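Descriptive analysis of the structure
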Amino acid sequence: MSTDTAAAPTARTGRLSERRLVVIAAAVIYLAAAYWFWHHQVLPGDAVSRVANAYYVLYSRDPHLAAIGFVWNPLPSLIFLPFLPLGQIIPGLISNQSPLAPLVSAVMTIATVAVAHDVLRRIGLGRVPRLVLTAALALHPLILIYGGNGMSEALFLFLLMLAVRSMHRWLAENRVEQLVPLGLALALAYGARYEALAPAAAVTVVVAGVTWWRTRQWALARADAVLVGLPPFLAVALWALAGKVIVNQWFATFSSQYGNSTQVKNSATDIASATGGDLGGRTAYWLEQLLGLSPFALVLAVFAMVVCWQRQRLTALAPIAVLGSVLAFDGLAFLSGTSFGWLRFNITVVPLGVLLAGHVAAHLSVHRRQVNVAAALTMAVMAIPATLLVLDRPRLARGETDWATTAGAEGRQRQARFHERVAADLDAMDLPDGAVVTDAQYAFELVLASNHPRQFVITPDRDFPAVVADPAGHRARYLLLSASGVDDAVRTLRFGRDFAAVPTDGVRVWRDAAGAVQWTLVPV
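Every value quoted in this text rests on a predicted model; they were computed, and no experiment measured them.

Topic: the nonpolar core
Here is a general trend for soluble globular proteins: nonpolar side chains tend to be buried in one another's company. Ranked by internal contacts, the top residues of the largest apolar core, which has 153 residues, are Tyr56, Leu182, Val203, Val437 and Leu480. It is helix H7 (residues 153-173) that provides the largest number of residues to this core, a total of 13 residues. Beyond its immediate sequence surroundings of up to four residues, valine 203 is in contact with Met167, Leu182, Leu186, Val228, Ala321 and Val322.

Here it is, written out as structure tokens:
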């Protein structure tokens, strides 16, 4: 008895020290990645725009919560709100290259790796294979990129991993209280990305099916389905209702002129030229991306399901239902022609492959166990060199070329400095509040780079439609128009959709390094 009592604290201390090691190593890796993106000024426009949406809530000419916008999910921007006031005492915290976005990505990815490590421990893996698989996730090139560049993938993956852990615990322990954090994680995931609709539906169905299989009672199956499905349902309904009440659109990402549907439609020719214009071409393109990021994920999924069936171990359903459903959702969206087909949309295949390798290594037949474990670990680790090859192919990694290639990084740096120059020129004009009317969808970097953001009347402002309709009557002095913004609200409302209709006499223009006009300042 005394021996057992003495052994328990030692094992627990060992687990805690291993977890600390994982967290410390992940912190070093991802904080370094965040610093690299910030220091080299290569933050993606999507990351900067999320900071801008939060900035409008507090520091725009018309600060209000709805300024956060309804086209994209609010959680990535809401996270920044508590930290923005620090910009008053920390120079550079609020800018078009703010360190806030990459820091949040780094913290979320550190937490993701820690939760994944905990799931691998719960699967029953030994220390060495557990650490190998944790490293296979943490060092995956796509995870490294999105763990430091400030985009919403890091937050989304963290919430999905929380959902995987809660579902794993429910499947392993059959404790109904685990369905509550599972449902909450899925609801928060919808606050980060619309793709969370897929795991919300898939997990609800799987939970209902597993409960019925265990109990043969439909009443209990329905009750468990409600427990896990109600939080994400409410998240979807309340966000849609807020959008309808405030901007008169249920789902702005599909109906807004700035939403994903419009962007895909406007870029249809470019997408088709890169990915293929028919179903066959798109299918081949998607499979190339998928197999490049995790070559053996599908093989591991088959093995994991076989183990699940033979040994009645249902825990493999957790990563398949949560992560696999997101992958299927994004794949179907791309194949149906409603997605850009960015490589990052397949990012969930990375943790999926790692966790499935863990299930296979832990639960395959004990005969030739070392061989089975080594094979599973090798299949997971091979994703790293395979992804390096994909990132070296701009056709497959179209978005990542801005950071994975020297030319792309230099172009992003020039763009950041260009926006800073335009903002400095506008600041030098010493204009009053509300003097410049512009579309924040395209001018967000200018607003963040400006030392006088209240000079801008932007689309989130509640009086924006009235000011655009009668700028002189609202004491606006200039219209700032984007030359690349197809749906620039100011240009289209004042001059129509034809770029040639924009005045050229008596205006000020800013040209990029190639000599192309990017911004036009038209006096009212």
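Read on, since the account is not over.
A closer look at the pattern of salt bridges
By the definition in use, this model includes 22 salt bridges. Ionic pairing is found between glutamate 195 and arginine 193, a salt bridge with its closest N-O pair at 2.7 Å. Look at glutamate 195 and you get buried, because its relative accessible area is 8%. Of the charged contacts in the structure, one is a salt bridge between arginine 497 and aspartate 487, with a shortest N-O distance of 2.8 Å. Of this pair, arginine 497 sits in the loop between helix H24 (489-495) and strand E4 (508-511) while aspartate 487 sits in the loop between strand E3 (478-482) and H24; the two residues are 10 residues apart in sequence, bridging distant segments of the chain. Salt bridges here are not isolated pairs; linked through shared partners, they connect Arg19, Asp118, Arg121, Arg122 and Arg165.

Some points on the pairing of E4
On any regular strand, side chains alternate: one points to one face of the sheet, the next to the other face. Note that E4 and strand E5 (residues 517-523) share 4 bridges and pair antiparallel. Paired with arginine 511 across the bridge in E5 is valine 517. Between E4 and E5, which follow one another and run antiparallel, lie 5 residues, and glycine 515 among them has a positive phi close to 90°.

Quick notes on the side chain of aspartate 224
Mapping aspartate 224 onto the fold places it in helix H10 (residues 218-247). Buried charge without a partner: aspartate 224 forms no salt bridge, and the closest opposite charge is arginine 214, 6.9 Å away. With sequence-adjacent residues up to four places away left out, aspartate 224 is seen in contact with Trp170, Val176, Leu179, Val207 and Thr211.

So, the packing of aromatic side chains
By the definition in use, this model includes 10 aromatic pairs. Summarising the aromatic geometry, the rings of tyrosine 55 and tyrosine 59 are spaced 5.4 Å apart at their centres and angled 35° between planes, so their arrangement reads as tilted. With tyrosine 55 and tyrosine 59 both in helix H2 (residues 45-59) and 4 residues apart, the pair spans about one turn of that helix. According to the relative accessible area criterion, tyrosine 55 is buried, its value standing at 6%. Aromatic ring contacts, followed pair by pair, group Tyr190, Tyr194, Phe251 and Phe254 into a single cluster. For the cation-ring pair, arginine 214 lies above tryptophan 170, with the distance from its terminal atom to the ring centre recorded as 5.0 Å. In this structure, arginine 491 packs its charged tip against the face of phenylalanine 499, placed 4.0 Å from the ring centre.

Points about helix H13 (residues 268-275)
When H13 is considered as a whole, its buried residues turn out to be Ile271, Ala274 and Thr275. Around the axis of H13, the buried residues are gathered within 80° of arc, so they sit on the same side. Looking at H13, the residues exposed on the side facing more than 90 degrees away from the buried face are Thr269 and Ser273. Tucked into the core, H13 has its buried residues touching helix H12 (260-266), helix H14 (279-293) and helix H16 (317-335). Looking one or two residues past H13, glycine 276 carries a phi angle of roughly 110°, positive in sign.

Considering the packing of H14 against H16
One can describe the packing of H14 onto H16 by two numbers: an axis separation of 9 Å at closest approach and a directional angle of 150°. Two packed elements cross with a definite hand, and for H14 against H16 that hand is right-handed. On the side of H14, the interface is formed by Leu279, Arg282, Thr283, Tyr285, Trp286 and Leu290, while H16 contributes Leu327, Gly331, Phe334 and Leu335. Classifying every residue of the contact of H14 with H16 gives 7 nonpolar, 2 polar and 1 charged.

Things to note about the side chain of aspartate 488
Relative to the helices and strands, aspartate 488 is located in the loop between E3 and H24. Of the side chains with opposite charge, arginine 491 comes closest to the buried, unpaired aspartate 488, at an N-O distance of 4.7 Å. Setting aside residues up to four positions removed in sequence, aspartate 488 forms contacts with Asp439, Tyr442, Leu480, Leu481 and Ser482.

A closer look at the pairing of E3
With respect to burial, E3 is a largely interior element, 4 of its 5 residues being buried. With 3 bridges connecting them, strand E1 (residues 436-438) and E3 associate as parallel partners. Within E3, the residue paired with valine 436 across the bridge is tyrosine 478. Pairing geometry for E3 and E5, over 5 bridges, is antiparallel. Across the sheet, leucine 479 pairs through a bridge with valine 522, a residue of E5.

Focus on the confidence of the model for the chain
With 96% of its residues at a pLDDT of 70 or more, the chain shows a mean pLDDT of 92. For residues 1-11, every residue scores under 50 in pLDDT, and the model assigns this stretch 0 contacts once sequence neighbours within four places are set aside.

So, H10
Structurally, the α-helix is built with 3.6 residues per turn, so residues lying three or four positions apart point the same way. Taking 1.5 Å per residue, 30 residues should reach 44 Å; H10 reaches 41 Å between its end C-alpha atoms and fits that length. Roughly 40° is the biggest bend found in H10, and it falls at glycine 229, with proline proline 231 one to four residues downstream. Listing the buried residues of H10 in full gives Ala221, Asp224, Ala225, Val228, Gly229, Pro231, Pro232, Ala235, Val236, Trp239, Ala240 and Gly243. Structurally, H10 contributes buried residues whose contacts are with H7, helix H8 (179-192) and helix H9 (197-215). Just downstream of H10, asparagine 248 is the residue with a positive phi angle, here 60°.

A look at the sheet that holds E5
Pairing is mixed across the open sheet formed by 5 strands, whose spatial order is E2-E1-E3-E5-E4. The sheet terminates laterally at strand E2 (456-457) and E4, the two strands that pair on one side only. Strand contacts of helix H21 (residues 406-428): E2, E3, E4 and E5, with the helix running at about 160° to E4, the strand carrying the most contacts. Set on the sheet, helix H22 (residues 440-449) makes contact with E1, E2, E3 and E5; between it and E5 the angle comes to about 95°.

Reading the values: the criteria
Residues numbered from 1 in each chain as written. Predicted model: local features only at pLDDT ≥ 70, side-chain atom pairs only at ≥ 80, totals over all residues. Heavy atoms only, no water. Core = buried A, V, L, I, M, F, W, Y, C linked by side-chain atoms within 4.5 Å. Buried < 20%, exposed > 50% of the residue type's maximum accessible area, 1.4 Å probe, protein only. Helix = DSSP H or I, 4+ residues; strand = E, 2+ residues; numbered from the N terminus. Contact = heavy atoms within 4.5 Å. Salt bridge = Lys/Arg side-chain N within 4 Å of Asp/Glu carboxyl O. Pairing = 2+ DSSP bridges. Lys, Arg positive; Asp, Glu negative; His and termini not counted. Phe/Tyr/Trp six-rings, centres within 6.5 Å; stacked < 30°, edge-to-face > 60°. Lys NZ or Arg CZ within 6 Å of the ring centre and 35° of its normal. Arc of directions from axis to C-beta. Axes fitted to C-alpha atoms, helices over the stretch in contact; angles between N-to-C directions. Left-handed = near helix turned anticlockwise from the far one by under 90°. Nonpolar A, V, L, I, M, F, W, Y, C, P; charged D, E, K, R; others polar. pLDDT = per-residue confidence, 0-100. Expected span 1.5 Å × (residues − 1). Bend = angle between axes of the 7 residues up to and from the residue.

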